[in-house]
Amino acid sequence: MDAATKSEASGLHSALRYKFIALVGNEYVQAATAADAVSGAQPKLVIEPGTERELAEILRLSNEAGLAVIPRGGGTKLGWGNSLARADVILSTARMTEIIEHAWADLTVTVEAGCTVQRLQETLGQHGQRLALDPLWPEKATVGGVLSTNDSGALRLRFGALRDLIIGVTIALPDGTLASSGGKVVKNVAGYDLPKLVTGALGTLGVITRAVFRLHPLPLNSHSFSISTVNAEETQKFVLAVQDSKLAHTFLQSHFSDEKPPASDILFEGTEAGLAAQEAQLRNLAAPASVSEASNSSWTAREELWAFSDPAGTAITKISILPANMAPTVELVERTARTHQVRWRALIYATGLGWLRLEGKPGALCAALQALRGELQGQDGSLVALHRPSKMPAFDAWGTASDTLPLMKAVKQQLDPKNTLNPGRFVGGI
Amino acid sequence: MNLMEARILAELRTIVGDRGLISSPEELHTYECDGLTNFRVMPRAVLLPNSTEQVQAVVRICHRERIPFVARGSGTGLSGGALPVENGIVISLARMNRILEVDLPNARVVVEPGVINLDVTGRVAPQEYFYAPDPSSQSICSIGGNVAENSGGAHCLKYGFTTTHVLGLEVVLPDGSLVHLGGKTLDTPGYDLAGVFVGSEGTLGVATKIILRIVKRPECIRTLLAAFPSTNEAGAAVSDIIAAGMLPAAIEMMDNLAIQAAEAAVHANYPSCGGLLLVELDGPVAEVEALMSHVKEICRSNGASEIRLAQSDAERALVWKGRKAAFAAMGRISPNYIVQDGVIPRTALPQVMSEIERLSQETGLRVANVFHAGDGNLHPLVLYDRRISGQEEAAELLSNNILELCIAAGGSITGEHGVGEDKKKMMSKMFAEPDLVTMQRVRCAFDPLQLSNPTKIFPTPRLCGEKRGEYLPHPIESAGIAERY
């Protein structure tokens, strides 16, 4: 390695910049601006490689020079995780947007990491197929970004998470290795399941350059309903009854807040005959008067939660609980919010995953989050803070790391020994 | 540990007791192979711990003494994953067979690794739940073994694999420490190490508790048998079913030879034909009936000569019995056979089938075909007679050639049986060296001394800490456009 380069890492010596330019071209190596800041850290360069080999080379050079690299897709979730310890280079997948192969008859697709979810869905839709995932902001969010953040929405109940949809991956490692695992077929147990390892790793192990997904057909028909209930306990009863029934619903989510009584949305997909029969069963299960046609907004419920007006007074968390703990959890949130004088809204899926928005003074938010996290962790659950006011007292985004942390650090050490990728942003200081 | 000292054996005995240690050669024979019987290695000892603490204590001694160990469930694996390692010990989890917790409201069951797959369903069946992964050996195979191999089964087309249904694991790492991967709730913060562990074939540690997800039984299950002139027409029907936007619970296919064998073995009352399709739909009655009439139309339009719907649970069970007994049934029509497990993109089926037929004719060896047709998972069975000189070698070669066809078609060398000892050499045909090196770097994080089932999966094991792969020149560098910096 070039020693001079290392010593100049912080200032990004022109020789290194020249190397980057030689690789990807002048127009794709730009000085970072204030708009490129990531949770308070100001990177110096934004580099947009055109191929995965170029990306791997940029990563290798940066790693050798001791630079911190922040992979970036659509940039919609860059604030997720803890503050970065360092930030030098934004490695953008903006030019890597190709849908390499839609093998529609095999229900699979191979796509580059920088392709937006929406563009991917439009292409798949031409053959009546979809990636069965409803992530946040699909018009901007990229395949690499949703994978790295393990984003999932209401469809997860039926189709599983990204870990269940991804069947192959190629990643670039900080030493310049491009490694593939998995493959192009849905059923495959050859070698370690690294697609799952990098899903949700927040880009701390390698940079995802392409992924292969299994696909699902678009539904023939769909029908959704809204069920109103008087309190969380009644909602819980309804949700558990549906889960314990023979209904084949595609999603089931419940809304709670300090303003309105709870309501649940349920979606069915299938044949006309099947939908009619399921509607009849649903009406039997719920009190007849409380069932109404759902509006389209059930698909955007999560984005609405994120559409807050005051970032300095809002916290958004992802919570994970046992499905049967829904009512006690909502009651806990109510109590805690009252104690700390914060406003709240929640969206909880039948899987036990949920999203909670708290609004109030930063100090009060922090106290409320701490109290909630303590309770949820005590019940095998978790609370991950994905948006916090910048002026809030220190509050780890992820919570207490389990007995697995040394093993996670060992995996990180193996793949990114110099801590080049997203340093400090992940669990337990990784 | 060529000479496993008496003191180590004595120490192991104090952990597991007299009944938990097997070291006499005659008893050890039982453990010298798993379901793949052509590889045999005699272990130095077999340990049968009955608690997590005992597993930890045994593994700590292995770690201290650098003794390789192999965890073993029921020994039904078909890739030699539980094959003992020379001079190593086997840790059998057979005595850890308790179902620890059944939590119906949350649809979770917590089990020890020695619990038999079908017993999980047995426990929750009265409340109309089931455990979805259903390998053909489900009445004898263990959940721990399923976790190691990421076992599939006929219904993974709709329900997914073992990994889909494992939410959390308690694992004894190869240094004896205990970790909890995943958990009862979803998306535990941190890396998805449970996802990495499932399917790692015992090379990352020993699972001692497993949190499973169970599934509510659908309102109805309908099973259809359709007889086609050949597997080509049957395959075309499968493509049409998928193209119509359906996701059946299972689609199985058998060729004529497989049908004959299954008939001979269990009298499943299959129609005699060139290609038999078994399609199972499940879900709400109205939905299933609407879709089933569509499936029938598709079968007819693709030339099905006979279409039958199982009329009762007993009929349905018989249909499945024939399918699940298909491997063992080969014994009825051939003295010896090799069970192969490969995967192809479903659309490559006609081409790969005709290639298999060509190979079969070239070698003069018969090949029976049983497929999980919905997901392209082939189980060609290569029939041979060991007593005829050269046939065994020819059969092995043919079996390997079929895997090469799978790789060439863009598929995989194994869909559910695992790599184990059997397919290590094929790994370098499916993956490039950097891919395999990267997997082994992950392995080094779990098992730096390489004690846990050390000789499996990878064709060329690398020592942890070994220098990483060679530098790969960038294309523009090779082309002389840029130089290395």
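Asks: I tried to follow the domain arrangement of chain A on my own but got confused; where do I start?
Replies: When the parts come together, some accessible area is lost, and that loss is often what is quoted as the size of the interface. Residues and elements named next belong to chain A. Segmentation of chain A into domains returns domain 1 (3-94 + 416-429), domain 2 (99-217) and domain 3 (219-399). Taken over C-alpha atoms, the centre of domain 1 sits 37 Å from the centre of domain 3. Residues belonging to the side of domain 1 that touches domain 3 are distributed by class as follows: 2 nonpolar, 3 polar and no charged.

Asks: Mind showing me how you'd approach the pairing of strand β12 (residues 221-228) of chain A here?
Replies: Looking down a regular strand, the side chains alternate between one sheet face and the other. All names here are of chain A. Bridge count for β12 against strand β14 (residues 263-270) is 8 bridges, and the pairing is antiparallel. What sits directly across from Ser228, in β14, is Ala263. Note: β12 against strand β15 (residues 291-293), 3 bridges, orientation antiparallel. What sits directly across from Ser226, in β15, is Ser292.

Asks: How do you make sense of the sheet that holds strand β8 (residues 166-172) of chain A when you look at a structure like this?
Replies: All names here are of chain A. Taken in spatial order, the 5 strands line up as β5-β6-β10-β8-β9 in an open sheet, and their pairing is antiparallel. Unpaired on one side and paired on the other, β5 (99-103) and β9 (178-182) mark the two borders of the sheet. Averaged over all adjacent pairs, the angle separating strand axes in this sheet is 10°, with direction ignored. In this structure, β5 lies alongside strand β6 (residues 108-112), joined through 4 bridges in antiparallel fashion. The partner of Ile99 across the bridge, within β6, is Val111.

Asks: Teacher, can you tell me more about the interface of chain B and chain A here?
Replies: On the side of chain A, 77 residues touch chain B, which itself brings 78 residues to the contact. Elements supplying a minimum of two residues to the side of chain B that touches chain A: α7 (162-165), β9 (178-182), α8 (193-197), α9 (231-243), α11 (285-301), α16 (424-430) and α17 (433-446) of chain B. With 9 residues, α17 of chain B is the largest single contributor of residues to the side of chain B that touches chain A. Tallied by class, the residues present in the side of chain B that touches chain A amount to 36 nonpolar, 29 polar and 13 charged.

Asks: When you look at the domain arrangement of chain B in this model, what are you seeing that I'm missing?
Replies: What the domain assignment lists for chain B is domain 1 (6-92), domain 2 (99-216), domain 3 (219-329) and domain 4 (334-438). The gap between the C-alpha centroids of domain 1 of chain B and domain 3 of chain B is 42 Å.

Asks: Before we go on, may I ask you to explain the nonpolar core in this structure?
Replies: Soluble globular proteins tend to pack their nonpolar side chains together in the buried interior. Counting residues in hydrophobic clusters, the biggest one holds 278 residues, and the most contacted among them are Leu91 and Ala211 of chain A together with Leu47, Ile91, Leu276, Leu277 and Val382 of chain B. Excluding residues that lie within four positions of it along the chain, Leu276 of chain B makes contacts with Leu225, Ala227, Met253, Met254, Ile259, Tyr270 and Pro271 of chain B.

Asks: What exactly am I supposed to notice about the packing of helix α10 (residues 272-285) of chain A against α11 of chain B here?
Replies: How two helices sit against one another is set out by the angle between their axes and by the gap between those axes. Two elements in contact, α10 of chain A and α11 of chain B, have axes separated by 7 Å at closest approach and are oriented at 170°. When the interaxial angle is binned, α10 of chain A and α11 of chain B end up roughly antiparallel. Each of Ala273, Gly274 and Ala277 of chain A in α10 of chain A lies in contact with α11 of chain B, whose residues at this interface are Val285, Ala286, Glu287 and Ala290 of chain B. Of the residues contributing to the contact of α10 of chain A with α11 of chain B, the split by class is 5 nonpolar, 1 polar and 1 charged.

Asks: Would you explain the sheet that holds strand β19 (residues 382-387) of chain A in this entry?
Replies: Hydrogen bonding along the main chain pairs the strands of a sheet, whether they run parallel or antiparallel. All names here are of chain A. Strand order in the open sheet formed by 8 strands is β15-β12-β14-β13-β17-β18-β16-β19, with antiparallel pairing between adjacent strands. Lying at the two open borders of the sheet, with one neighbouring strand each, are β15 and β19. Between one strand axis and the next, the sheet turns by 20° as a mean value, whatever way the strands run. The sheet strands contacting helix α9 (residues 232-243) are β12, β13 (251-257) and β14, and the helix crosses β13 at an angle near 175°. The strands that helix α12 (residues 326-340) touches are β13, β17 (343-349) and β18 (353-359); relative to β17, the one it contacts most, it runs at about 170°.

Asks: Which parts of the structure should I look at to understand the packing of helix α14 (residues 349-363) of chain B against helix α15 (residues 391-408) of chain B?
Replies: Residue and element names in this part refer to chain B. Axis separation between α14 and α15 bottoms out at 10 Å; the angle between their running directions is 160°. If you check the angle between α14 and α15, you find them roughly antiparallel. For the pair α14 and α15, the crossing hand works out as right-handed. Judged by residue contacts, Val352, Glu355, Ile356, Leu359 and Thr363 of α14 engage Ala394, Leu398, Asn401, Ile402 and Leu405 from α15. Residue composition of the contact of α14 with α15, by class: 7 nonpolar, 2 polar and 1 charged.

How each quantity is defined
- Residues numbered from 1 in each chain as written.
- Chains lettered and ligands numbered in written order.
- Predicted model: local features only at pLDDT ≥ 70, side-chain atom pairs only at ≥ 80, totals over all residues.
- Domains from an automatic or database assignment.
- Nonpolar A, V, L, I, M, F, W, Y, C, P; charged D, E, K, R; others polar.
- Pairing = 2+ DSSP bridges.
- Helix = DSSP H or I, 4+ residues; strand = E, 2+ residues; numbered from the N terminus.
- Axes fitted to C-alpha atoms, helices over the stretch in contact; angles between N-to-C directions.
- Contact = placed C-beta atoms within 7 Å.
- Core = buried A, V, L, I, M, F, W, Y, C linked by C-beta atoms within 7 Å.
- Buried ≥ 20, exposed ≤ 12 C-beta atoms within 10 Å, placed from the backbone.
- Parallel < 35°, antiparallel > 145°, perpendicular 65-115°, else oblique.
- Left-handed = near helix turned anticlockwise from the far one by under 90°.

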